[in-house]
Amino acid sequence: MRIRRIELHGFKSFVDRTLLEIGDGVSCVVGPNGSGKSNVFDAVQWCVGEQSAKRLRGQQMSDVIFAGSSSRSPVGFAHVAMTFSSESGEPFPAPYSHLAELQVSRRLYRDGASEYAINDTKCRRKDVIDLFRDTGIGSSNYSFIEQGRIGEIIHAAPEQRRLLIDEAAGISKYKARREEATERLA
């Protein structure tokens, strides 16, 4: 699974619709201070279901919506859409395994309403998280490593490192399903 495009609109410093095309071999985002590198990283995390405003460098979730500037008025929503391709030969998880491209998006309105979508079909956050489980993309992802995260991983408690290893090994999905089933049985 490869990211092909990231579309941002009203997300933090990206007030206008911005489309980032991601080419083959891109493994990092580089630019001068103030160019929005960290905001792109925050957008990716937010789109795949991040719920902590602090992890997105804010106090509350509405901080991801462009708040305005001296020359621009605030906008009413933040929207991020990421398009993935399966061209590496490995198909998407079911029921999307027949697709060559898949788009995941999230939108947040100023009134607090939030919506997720997979291929423009509204869905739950849980559906997005299940889609990315065991791919390295998610709340404890290892596919996207932000500045300072490597030291955090190295100095993490063994339990935290174990979660990362489980996700990389592809077994976190099964552990989560087992926990859900145990809760339902109880």
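This text goes with the structure placed above it.
Parameters and conventions
- Residues numbered from 1 in each chain as written.
- Predicted model: local features only at pLDDT ≥ 70, side-chain atom pairs only at ≥ 80, totals over all residues.
- Heavy atoms only, no water.
- Phe/Tyr/Trp six-rings, centres within 6.5 Å; stacked < 30°, edge-to-face > 60°.
- Helix = DSSP H or I, 4+ residues; strand = E, 2+ residues; numbered from the N terminus.
- Buried < 20%, exposed > 50% of the residue type's maximum accessible area, 1.4 Å probe, protein only.
- Pairing = 2+ DSSP bridges.
- Axes fitted to C-alpha atoms, helices over the stretch in contact; angles between N-to-C directions.
- Lys, Arg positive; Asp, Glu negative; His and termini not counted.
- Salt bridge = Lys/Arg side-chain N within 4 Å of Asp/Glu carboxyl O.
- Polar contact = N/O pair within 3.5 Å; in protein donor to acceptor, adjacent residues only side chain to side chain.
- Contact = heavy atoms within 4.5 Å.
- Disulfide = S-S within 2.5 Å.

S.K.: Go over the packing of aromatic side chains, please, and point to the residues and values.
M.R.: Inspection of the entire model under this criterion finds 3 aromatic pairs. Ring geometry for Phe11 against Trp46: centres 5.3 Å apart, planes inclined by 45°, an arrangement best described as tilted. Here Trp46 lies in helix α1 (residues 37–47) and Phe11 lies in the loop between β1 (2–9) and β2 (18–21), a separation of 35 residues in the sequence. Pair check on accessibility: Phe11 and Trp46 agree, each one buried. When the ring of Phe84 is compared with that of Phe132, the centres are 5.2 Å apart and the planes differ by 55°; the resulting orientation is tilted. One end of the pair, Phe84, is in strand β3 (residues 77–85); the other, Phe132, is in helix α2 (residues 125–132), and 48 residues separate them in sequence.

S.K.: Quick rundown of the sheet that holds β3? Include the residues and the values.
M.R.: The sheet built from 6 strands is open, its strands ordered β2-β1-β3-β4-β5-β6 with antiparallel pairing. Among the strands making up the open sheet, the edge pair consists of β2 and β6 (121–123). With strand direction ignored, the average angle separating the axes of adjacent strands in the sheet is 20°. Pairing between β1 and β3: 7 bridges, direction antiparallel.

S.K.: Got a sec to walk through the side chain of Glu50? Specific residues and values, please.
M.R.: Relative to the helices and strands, Glu50 resides in the loop between α1 and β3. The charged side chain of Glu50 is buried without a salt bridge, its nearest counter-charge being Arg55 at 4.1 Å. In this structure the side chain of Glu50 is engaged in a polar contact, spanning 3.0 Å, whose partner is the backbone nitrogen of Ser52.

S.K.: An account of the environment of Phe77 is requested, with residue identities and associated values reported.
M.R.: Checked against the element boundaries, Phe77 lands in strand β3. Along the chain, Phe77 and Gly112 lie 35 residues apart, while their C-alpha atoms are 9.4 Å from each other. Sequence-distant contacts of Phe77, that is, excluding residues within four places in its chain, are made with His9, Gly10, Ile65, Arg107, Leu108 and Tyr109.

S.K.: Before we move on, can you summarise the state of the cysteines with the specific residues and values?
M.R.: In the structure shown here, the tally under the stated rule is 0 disulfides. Of all cysteine sulfurs in the structure, the one in Cys123 sits closest to Cys47, which takes part in no disulfide; the separation is 9.8 Å.

S.K.: Just give me the short version of unusual backbone geometry, but keep the residues and values in it.
M.R.: Excluding glycine, most residues fall at negative phi; most peptide bonds, likewise, are trans. Residue Pro95 follows Ala94 across a cis peptide bond; omega there is 5°. If you trace the backbone, Pro95 turns up in the loop between β3 and β4 (101–109). We note that Asn119 has phi near 50°; this positive angle belongs to a residue other than glycine. Among the structural elements, Asn119 can be located in the loop between β5 (114–118) and β6. Here Asn119 falls in the partly exposed class, since its relative accessible area comes to 29%. Not every positive phi belongs to a glycine, and Asp120 is a case in point at roughly 65°. On the secondary structure map, Asp120 appears in the loop between β5 and β6.

These figures come from the coordinates and say nothing about function on their own.
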